[in-house]
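An overview of the molecular structure
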Amino acid sequence: VTEAAAIESRGLVTSLVDLMTQQPQSLAALLRLVSHGDYLYYHSVAVSIFSALLARVSGKYSDSDIRIISWGGFLHDLGMSRMEEVWTCDPLMDGGSDHVHRVSEHCRVGMEALQELSAVPKEVRYIVYQHHERPDGKGLPNGLKGSSLHEPAMLVALVDAWSALISRHPHRAPFTPAEALGKLEAETRMGRFMDHHLEWLKAGLFPRLSKDAA
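Treat the numbers as computed from the prediction; the structure is a model and nothing was measured. (Residues numbered from 1 in each chain as written. Predicted model: local features only at pLDDT ≥ 70, side-chain atom pairs only at ≥ 80, totals over all residues. Heavy atoms only, no water.)

1. Quick notes on the confidence of the model for the protein
When the pLDDT values of the protein are averaged, the result is 86; 88% of them are 70 or greater. Across the protein, the element-wise mean pLDDT spans from 62 in helix 2 (residues 26-33) up to 97 in helix 7 (residues 122-130). (pLDDT = per-residue confidence, 0-100. Helix = DSSP H or I, 4+ residues; strand = E, 2+ residues; numbered from the N terminus.)

Here you go:
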């Protein structure tokens, strides 16, 4: 990963966020897009845009913060593309030791790939490194909780799971938005996601996605 590549990814994310802001009807096309082609790339694009939309729905973040969150969403699975074995992660799967190793490794590899790039803010690296952590302290790679958690990373964690569920995964068909929401509600009760992030999704993003998916 070079400085030029990092800057190019920032430009792509900015263009996507601007497109969704100016032409929200493009969301329906995105939902169709993420069901085809290279899973990791289109999943990254979807997480980038959904993260920006959810951050905007919250009313909590400035425009510059939303772009940072969207950029982190786009790069969150960078580590997967740099691992020797091609692998896609189902964010809701709790596997054995091999799964734990792969999840931890792709978070670490992604963060280290961005570590020396001055073009990439530390907040983006936090998202890449922490997007598999959990509020209950049972996440990966470090079992962080409380004030140690980077909240935008927790927002991206929810969107990562949401996008994976409603997309065509290499090993299963997509869930409907309603089915995906039900799974996220159950996982939030078990401490995987932050309650208020789920409420933002239910109030602002879920109705819109359900309508576009219909």
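2. Comments concerning the layout of surface pockets
Here the largest pocket defines a volume of roughly 330 Å³. Around the largest pocket, the lining comprises 16 residues; the ones closest to its centre are S9, Y41, F74, L75 and L78. Counting only elements with at least two residues in the lining of the largest pocket, the list comes to helix 1 (3-22), helix 3 (39-58), helix 4 (63-75) and helix 5 (78-81). With five residues, helix 1 is the largest single contributor of residues to the lining of the largest pocket. Grouping the constituent residues of the lining of the largest pocket by class yields ten nonpolar, three polar and three charged. Taken as a whole, the second largest pocket spans an internal volume of roughly 260 Å³. P91, D94, H132, R134 and R192 are the residues nearest the centre of the second largest pocket, which is lined by 22 residues in total. (1 Å grid on protein atoms, 1.4 Å probe; cavity = no way out; pocket = protein on both sides within 12 Å on 5 of 7 lines; lining within 4 Å. Points joined across faces, edges and corners; volume = space filled by probe spheres on them. Nonpolar A, V, L, I, M, F, W, Y, C, P; charged D, E, K, R; others polar.)

3. What about the pattern of salt bridges?
Counted under the stated rule, the structure contains ten salt bridges. Notably, a salt bridge pairs E112 with R108, separated by 2.7 Å at the nearest N-O pair. Here the residue E112 and the residue R108 both occupy positions in helix 6 (residues 97-114), the gap between them amounting to four residues, near one helical turn. Judged by its relative accessible area of 44%, E112 falls in the partly exposed class. Of the charged contacts, one joins K122 and E123 as a salt bridge, the two residues approaching to 3.4 Å between their closest N and O atoms. The class of E123 is partly exposed, set by a relative accessible area of 29%. Members of the salt-bridge network, linked through shared partners, are E105, R108 and E112. (Salt bridge = Lys/Arg side-chain N within 4 Å of Asp/Glu carboxyl O. Buried < 20%, exposed > 50% of the residue type's maximum accessible area, 1.4 Å probe, protein only.)

4. Description of helix 9 (residues 177-189)
Look at helix 9: 18 Å from first C-alpha to last across 13 residues, which is about the 18 Å you get at 1.5 Å a residue. Where helix 9 is concerned, the buried positions are P177, A180, L181, L184, E187 and T188. Seen from one end, helix 9 has its buried residues packed into an arc of 125°, which puts them on one side. Facing away from the buried side of helix 9 by more than 90 degrees, the exposed set consists of A178 and R189. In the segment just after helix 9, G191 is the residue with positive phi, at about 95°. (Expected span 1.5 Å × (residues − 1). Arc of directions from axis to C-beta.)

5. A closer look at empty space enclosed by the protein
By the definition in use, this model includes one cavity of 30 Å³ or more. Counted as a void, the largest cavity has a volume near 40 Å³. Residue lining of the largest cavity: L16, V17, M20, T21, I49, A52, L53, R56 and I66, and that is the complete set. Contributing elements (two or more residues each) for the lining of the largest cavity: helix 1 and helix 3. For the lining of the largest cavity, a count of residues per class yields seven nonpolar, one polar and one charged.

6. Some details on the nonpolar core
Judged by nonpolar contacts, the single largest core of 52 residues is most densely connected at F50, L54, L114, L155, W162, L184 and L201. Contributions of two or more residues to this core are made by helix 1, helix 3, helix 4, helix 6, helix 7, helix 8 (151-166), helix 9 and helix 10 (195-213). Ranked by residues supplied to this core, first place goes to helix 8 with eleven residues. Not counting the four nearest positions on each side in its chain, L54 is found in contact with L155, L158, V159, H197, W200, L201 and L205. Ranked by size, the runner-up nonpolar core spans five residues in total, among them L40, M80, C89 and L140. (Core = buried A, V, L, I, M, F, W, Y, C linked by side-chain atoms within 4.5 Å. Contact = heavy atoms within 4.5 Å.)

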